[in-house]
Amino acid sequence: MRSHARVVIVGGGVMGIGLLYSLAEEGWTDTILVEKGELTSGSTWHAAGQCPSFIADYNLAKVHAFSNDLYARLESMTGEATGWHATGGIRFATNQLELDHFRRVEGVAANIGFRMQIISPEEIRRINPFVTTEGVLAGAWTLDDGYVDPSSACNAMATAARRLGGTIVRHDRVLGIEQLPNGEFRVSTEQGDITCEHVVNAAGCYADRVSAWLGVTTRFANIKHQYVVTGPVREFLERDGEIPVMRDPYCSAYYRQEQKSGLIGIYEGSDTQEAWAEQGGPAWDSSNELFEANYDPIMPYLERVMERMPIFADAGIKKVVNGAISHTPDSNPLVGPAPGVRNFWLATGTGIGIAQGPGCGKYLAQWMVHGAAEINMLGMDPRRYGDFCDQAYASARAHREYWDMYRLIPPGEERPEGRPARATPLYATLRAKGCVFTEGFGWERPKWFSLDGREEDGTFRRNNVFEVVGAECRAVRERVGVMELPSFATFEVSGPDAEAFLDRLCANRMPRREGGIVLAHALDDRGRFLTEFTITRLADDRFLLLSGAVAYRRDLDLLHASLRPDEPVEIADVTEAWSTLIVAGPRARDLLAKLTTADLGSEAFPWLTGREIDVAGIRVRALRVNYVGELGWELHVRMADVVALYDAVWAAGEAFGIADFGLYAMNSLRMEKAYPGWGVELTNEVTPVEAGMERFVRLDHDFVGRAAIVAAKERGATTHLVCLEVGATDFDARGGEPVFAGENAIGVTTSGGFGHATGTSLAFAYVDSGFEVPGTGLEVELVGDRRPATVLARPAYDPDNLRLRA
Ligand SMILES: Cc1cc2nc3c(=O)[nH]c(=O)nc-3n(C[C@H](O)[C@H](O)[C@H](O)COP(=O)(O)OP(=O)(O)OC[C@H]3O[C@@H](n4cnc5c(N)ncnc54)[C@H](O)[C@@H]3O)c2cc1C
């Protein structure tokens, strides 16, 4: 066996093989995949092999689309059978919410290019004459998907990878991995050591143990999943052709034809699910392992399937396949860099890996080879989890996710499992006031305030919270609002070379004066967004960096990875020590003036400056910035003082009509100001040139990505971020909706919402060149309904920032 390779992949399931193949396609062939047993002998071999393309998430939909495309052509590429059955699939809608969801996914399909039709119950019964459709409103018929034989398809993919130059070593267990002082890894295996530049953990249910060798925590649950295969079904024997794969929320099941038998898989309730080896991990010698059939948990669901497909009822059960799946707390896979260890990657944590493996491999290979994927990988990035995600949290959430496989989670619904994972001392106070929280990187954050005890109706339409949020917005625009946002990733960068270091990292220059604040973006060497910092100069040699909650692990790694050896710069992570109160609105200054002797006037304390002041006797870092576009301050306060500060702000604010507000209102307010969001508008897919953020790029200094930005400017962008005013009535844009010019899909929305102060429905979208011109008339498809939209020249609210500067 070779003793050196560029990449070692641990694990020969669909995720590892999919990556090996795509790395080779990208030109990296100095690769070795090491598998302890036979290829696919973990979860992959026994999978039912279905590959749905009905996916609402725009980026994941691209992952699935690639897998289906590859499976369909793998046999002709390699000459090896893959068992690809292009049967298509039908998913049932049993209520209006699901039907609305179908219409949203139809929009995703239009953009990504997979065929989908919403069909009537009659049409469903024409395509599958054996199914009953009681209670079914409609079906989402996807025509380009189907199922494969997982082992055959993976072996064909392995053949394709080998032909391109990738190496596979079977029956060789990886025993340990260590990182060497030069950054390379020594991978110890039963057949010898391999030194390599990159290691990928594709170890499926064992991935937590493999990560632990490098000190990385990887959390997921291993859940036993069962499908049954019936005996031969007379009606199938009597006809040619196949029914599509059926996906049915009524039964929490998928069912299809398996040759002339039926195949039925169940996602049972979390109270009856069985976990497998979640503590300590499975035994290393487990291979091709299946568990005893366990009918009890799945029986109630099987009975419902028999109602739906009476032809299965007399066929008897021929076999039960009970195998393990790893499942993450949000059901998305873990694909991307592992936190804290450079060049250690994860390709694991997928509950539907047959459908996702090749696509995950493609985009991870792009990330490894080119520094970024062409799609936004944030939702798959393993660094979306931190220490808050302990095993209890991961298991509770993952088991719930598994159960909800076919249940549509209504917009606004909150998952109670594992919460609160991280709450500040103010949590109880806000809760008592009716705060409805949502979670960001484990933190409980205010979403909206239920002042009359109402609960949010889960719908894609404007709902019973619409007016409540409107009132919160108007309080901020007309009086003053307060909101705790505890979740900023907070770093202090100091030392003699701190400024030079940050100047090198960021496209913007550091503020020259003490107390100056800038918005600064770190870019990769192709000029695409890595992150967005709000940077305040605290002293000559000290800077405060604030970034998004979910960016925390990424930014910590980025800062450390960007340091040169012996560079005299210190990076302190003080995230846990601070919370933030946002006090914003035209009366914000009057309110704070009652609590501080500091001069808050615009001359002494202009917009985009910050300093330490005492508010109600509490030392805070007051930054005159905010994301809502009003006169206001972010008060960064030590955790221990946040309750006292909030109480003082509230008491002083009552005279000015103060109101609590939450993230729903913040979204509305920032849309009116056309403030793009990191991770949503500003992603690894685009540079500041496409995003219209060139005003934050200073070419008068050297920084990572500078050459790429110069080139991008010369080339000109082919896609542009625009803010649209949408002629919406009942639905507002949420992101992922297609944008049309006539019959041509020329863009996609990234986010949206209703601007309550301006009375306008707004959306951000990336559109093709030529359509970014202000005044251009377009259409946005909102839940199946094309609504007129106009490209705005300027933000809908206070385009000259007069309120901010007041
Ligand atoms: C009953 C059932 C039905 C399913 N049906 C579907 C379906 O219809 N569609 C779908 O998309 N998904 C389905 N799945 C899920 C799918 O099987 C998994 O998501 C997928 O196989 C995971 O692939 P993986 O490569 O991450 O893990 P695995 O296939 O488990 O691969 C990991 C590999 O790593 C190897 N390994 C671990 N540690 C080491 C080590 N130290 N050294 C060397 N090798 C190591 C293991 O031996 C294993 O082969 C089903 C699962 C089950 C249980």
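Residues numbered from 1 in each chain as written. Predicted model: local features only at pLDDT ≥ 70, side-chain atom pairs only at ≥ 80, totals over all residues. Heavy atoms only, no water.

Describing the overall build of the protein
- Each helix and strand counted, the protein has 21 helices and 37 strands in total.
- Relative to the globule expectation of 28 Å for 806 residues, the C-alpha radius of gyration of the protein, 27 Å, shows essentially globular dimensions.
- The proportion of buried residues among the 806 residues of the protein is 62%.
- For the protein, long-range pairs separated by at least 24 residues make up 72% of all intrachain contacts whose partners lie at least 6 apart in sequence.
- When the accessible surface of the protein is totalled, it reaches about 29,300 Å², and 48% of it is carbon and sulfur.
- Across the protein, 80 positive and 110 negative side-chain charges occur, with their mean positions spaced 3 Å apart. (Helix = DSSP H or I, 4+ residues; strand = E, 2+ residues; numbered from the N terminus. Rg over C-alpha atoms; globule rule 2.2 N^0.38 Å. Buried < 20%, exposed > 50% of the residue type's maximum accessible area, 1.4 Å probe, protein only. Contact = heavy atoms within 4.5 Å. Areas by Shrake-Rupley, 256 points an atom, 1.4 Å probe, with all protein chains shown as cover. Lys, Arg positive; Asp, Glu negative; His and termini not counted. Charge placed at Lys NZ, Arg CZ, Asp CG, Glu CD.)

Topic: empty space enclosed by the protein
- Counted under the stated rule, the structure contains six cavities of 30 Å³ or more.
- Volume-wise, the largest cavity comes out at about 80 Å³.
- Taken together, 13 residues line the largest cavity, and the ones lying closest to its centre are Arg104, Val105, Val108, Gly736 and Glu737.
- For the lining of the largest cavity, the element with the highest residue contribution is helix H3 (residues 96-112), accounting for five residues.
- Class assignment of the residues belonging to the lining of the largest cavity gives a composition of five nonpolar, four polar and four charged. (1 Å grid on protein atoms, 1.4 Å probe; cavity = no way out; pocket = protein on both sides within 12 Å on 5 of 7 lines; lining within 4 Å. Points joined across faces, edges and corners; volume = space filled by probe spheres on them. Nonpolar A, V, L, I, M, F, W, Y, C, P; charged D, E, K, R; others polar.)

Looking at the sheet that holds strand S23 (residues 517-523)
- Strands sit in the order S23-S24-S25-S22-S26 across an open sheet of five strands; the sheet is antiparallel. At either end of the open sheet lies a strand with only one pairing partner, and these are S23 and strand S26 (570-573). When the angles between neighbouring strand axes are averaged without regard to direction, this sheet yields 30 degrees.
- Looking at chain direction, strand S22 (residues 489-494) and S26 are connected through four bridges and run antiparallel. Note on S26: the bridge partner recorded for Phe491 is Asp573. (Pairing = 2+ DSSP bridges. Axes fitted to C-alpha atoms, helices over the stretch in contact; angles between N-to-C directions.)

Focus on the packing of aromatic side chains
- According to the stated counting rule, one finds 21 aromatic pairs in the structure shown.
- Centroid distance Phe54 to Phe102: 5.2 Å. Interplanar angle 75 degrees. Geometry classified as edge-to-face. One end of the pair, Phe54, is in the loop between strand S3 (50-51) and helix H2 (58-78); the other, Phe102, is in helix H3, and 48 residues separate them in sequence.
- Residue Phe102 is classed as buried on the basis of its relative accessible area, which comes to 1%.
- Through a chain of ring-to-ring contacts, the aromatic side chains of Tyr385, Phe388, Tyr393, Phe441, Phe491 and Tyr552 assemble into a single cluster.
- Across the ring face of Phe291, the terminal group of Lys224 is positioned such that the distance to the ring centre comes to 4.4 Å.
- Above the plane of the ring of Trp650 lies Lys433, whose end atom (NZ or CZ) is 3.1 Å from the centre. (Phe/Tyr/Trp six-rings, centres within 6.5 Å; stacked < 30°, edge-to-face > 60°. Lys NZ or Arg CZ within 6 Å of the ring centre and 35° of its normal.)

What to know about the sheet that holds strand S15 (residues 261-266)
- Reading across the sheet, the eight strands line up as S5-S6-S4-S13-S14-S15-S12-S16 and stay open at both edges, with mixed pairing between neighbours. Each end of this open sheet is capped by a strand with a single partner; those strands are strand S5 (116-119) and strand S16 (317-327). Neighbour to neighbour, the strand axes of the sheet diverge by 20 degrees on average, direction disregarded.
- Here strand S4 (residues 89-93) pairs with strand S6 (residues 138-142) via five bridges, running antiparallel.

Let's talk about the nonpolar core
- Counting 62 residues, the largest nonpolar core has Ile9, Tyr71, Val200, Leu364 and Met368 as its most contacted members.
- Counting only elements with at least two residues in this core, the list comes to strand S1 (4-10), helix H1 (14-25), H2, H3, S6, helix H5 (150-164), strand S18 (344-348) and helix H10 (353-370).
- Not counting residues within four places of it along the chain, the set of residues in contact with Leu364 comprises Leu19, Val200, Val335, Gly336, Trp345, Leu346 and Ala347.
- Counting 52 residues, the second largest nonpolar core, distinct from the first, contains Leu346, Ala522, Phe533 and Leu559. (Core = buried A, V, L, I, M, F, W, Y, C linked by side-chain atoms within 4.5 Å.)

Some details on the layout of surface pockets
- Roughly 1,000 Å³ of internal volume is contained in the second largest pocket.
- Within the residue set of the lining of the second largest pocket, elements represented by two or more residues are S18, H10, helix H14 (498-505), strand S24 (529-539) and helix H15 (552-562).
- Per-element tally for the lining of the second largest pocket: the top contributor is H15, with six residues.
- Partitioned by chemical class, the residues of the lining of the second largest pocket number 18 nonpolar, six polar and nine charged.

A look at the site of the ligand
- The local shell around the ligand holds 38 residues, among which Glu35, Ser43, Thr44, Thr350 and Gly353 are the closest.
- Within the backbone of Gln50, an N or O atom sits 2.8 Å from an oxygen atom of the ligand.
- In this structure, a nitrogen atom belonging to the ligand sits 2.9 Å away from a main-chain N or O atom of Val174.
- Protein chains bury 99% of the 1,000 Å² of accessible surface belonging to the ligand in isolation.
- Among the residues forming the shell around the ligand, the class breakdown is 18 nonpolar, 16 polar and four charged. (Near = heavy atom within 4 Å. Polar contact = N/O pair within 3.5 Å; in protein donor to acceptor, adjacent residues only side chain to side chain.)

Here we look at H5
- With 15 residues, H5 should cover 21 Å at 1.5 Å per step; its first-to-last C-alpha distance of 21 Å lies within 8% of that length.
- Taken residue by residue, H5 has Pro150, Ala153, Cys154, Ala156, Met157, Ala158, Thr159, Ala160 and Ala161 as its buried positions. (Expected span 1.5 Å × (residues − 1).)

So, the side chain of Glu417
- Looking at where Glu417 falls in the secondary structure, it is placed in the loop between helix H11 (391-403) and helix H12 (427-432).
- In this structure Glu417 comes out as buried when scored by relative accessible area, which is 18%.
- Here the side chain of Glu417 touches Arg400 through a polar contact of 3.5 Å, side chain to side chain.
- Here Glu417 is in contact with Ala396, Arg397 and Arg400, once residues within four sequence places are set aside.

Some details on unusual backbone geometry
- That bond from Arg419 to Pro420 is cis: its omega, -5 degrees, falls within 30 degrees of zero.
- The topology assignment puts Pro420 in the loop between H11 and H12.
- The phi torsion at Ser331 lies on the positive side, around 70 degrees, for a residue other than glycine.
- For Ser331, the position within the fold is in the loop between S16 and strand S17 (334-337).
- In this structure, Leu608 is a non-glycine residue whose phi angle is positive, near 65 degrees.
- Looking at the element boundaries, Leu608 is found in the loop between helix H16 (588-593) and strand S28 (610-615).

Some details on the side chain of Glu492
- Considering the arrangement of structural elements, one finds Glu492 in strand S22.
- By relative accessible area, which is 15% here, Glu492 ends up buried.
- A polar contact is formed between the side chain of Glu492 and the side chain of Arg621, at a distance of 2.9 Å.

Focus on the environment of Phe656
- Relative to the assigned elements, Phe656 resides in the loop between helix H17 (642-653) and strand S31 (659-660).
- Residue Phe656 is classed as buried on the basis of its relative accessible area, which comes to 14%.
- Taking C-alpha positions, Phe656 is 47 Å from Asp702, a pair spaced 46 residues apart along the chain.
- Setting aside residues up to four positions removed in sequence, Phe656 forms contacts with Arg479, Val480, Arg587, Asp590, Leu591 and Lys594.

Some thoughts on the pairing of strand S11 (residues 192-201)
- The buried fraction of S11 is high, at seven of 10 residues.
- Note that S1 and S11 share six bridges and pair parallel. Bridged to Ile9 within S11 is Val200.
- As consecutive antiparallel partners, strand S10 (residues 185-189) and S11 are separated by two residues.
- Bridging between S11 and S18 involves three bridges; their strand directions are parallel. Looking at the pairing, Asn201 lines up with Leu346 of S18.

Limitation: the analysis is restricted to geometry and does not speak to function.
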